[in-house]
Amino acid sequence: MKRYRNIEGHSGVVAYEIDWEKISVEFVSGDIYDYTYGSAGRARVETMKALAQAGRGLATFISRYAHDAYASKRRSRRRIRPRTLH
C-alpha cells in the first residue's frame, strides 16, 4: 500500500492501493476497506482514486458518498501509529 500524503494533516486515511476496478483504503483504525466498481460504482471509485493520489479529501468523500459502499473489510497486518497534531 502507498502512504496517503494527508496534506491537511488530520485525515483518518493512512494508506491506499489502486487496482484496475477498485481502491483499497487503510484507515488509522487498522481497517482496510475495498471499494469496487461493483460495490460503490465506477464514478465514486475513480473519484476516490484521484483524491488518494492528490493526498487530500479522501476520508471526507468516503464519509459523505461511499461510507457503506465497500465490497470487503479486513484488518491491516501492520501496526499503525497515529500522527500527533501540533
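Colleague: Would you take a moment to explain the environment of Leu 58 for this structure?
Modeller: The topology assignment puts Leu 58 in helix α3 (residues 58-66). With 54 residues separating them along the chain, Leu 58 and Tyr 4 place their C-alpha atoms 9.3 Å apart. With residues up to four places along the chain from it excluded, the contact list for Leu 58 reads Tyr 4, Val 13, Val 25, Met 48, Leu 51 and Ala 52.

Colleague: Hey, could you run me through the sheet that holds strand β5 (residues 72-75) in this one?
Modeller: Within a sheet, neighbouring strands are paired by backbone hydrogen bonds and run either parallel or antiparallel to one another. Taken together, the five strands give an open sheet; going across it, the order is β1-β2-β3-β4-β5, and neighbouring strands pair in antiparallel fashion. Strands at the two margins of the open sheet, each flanked by one partner only, are β1 (2-3) and β5. One ladder, built from two bridges, connects β1 with strand β2 (residues 13-19); its direction is antiparallel. Bridge pairing links Arg 3 to Ala 15 in β2. The strands touched by helix α2 (residues 42-54) within the sheet are β2, β3 (22-27) and β4 (31-36), with β3 carrying the most contacts at an inclination of about 50°. Here α3 sits on the sheet and contacts β2, β3 and β4; the angle it forms with β3, its principal contact strand, is near 110°.

Colleague: I would appreciate a short explanation of the side chain of Asn 6 in the present structure.
Modeller: By the element assignment, Asn 6 lies in the loop between β1 and β2. The exposure class assigned to Asn 6 is buried, which follows from its relative accessible area of 10%. Here His 10 takes part through its backbone nitrogen, which lies 3.3 Å from a polar atom of the side chain of Asn 6.

Colleague: Please explain the environment of Ser 39 as it appears in this structure.
Modeller: Here Ser 39 shows up in helix α1 (residues 37-40). Along the sequence, Ser 39 and Asp 68 sit 29 residues apart, while their C-alpha atoms lie 9.1 Å from each other. Ignoring any residue separated from it by four or fewer positions in sequence, one finds Ser 39 in contact with Asp 34, Ala 69, Tyr 70 and Ala 71. Polar side-chain contacts of Ser 39 include one of 3.4 Å to the backbone nitrogen of Ala 71.

Rules behind the numbers
Residues numbered from 1 in each chain as written. Predicted model: local features only at pLDDT ≥ 70, side-chain atom pairs only at ≥ 80, totals over all residues. Heavy atoms only, no water. Helix = DSSP H or I, 4+ residues; strand = E, 2+ residues; numbered from the N terminus. Contact = heavy atoms within 4.5 Å. Pairing = 2+ DSSP bridges. Axes fitted to C-alpha atoms, helices over the stretch in contact; angles between N-to-C directions. Buried < 20%, exposed > 50% of the residue type's maximum accessible area, 1.4 Å probe, protein only. Polar contact = N/O pair within 3.5 Å; in protein donor to acceptor, adjacent residues only side chain to side chain.

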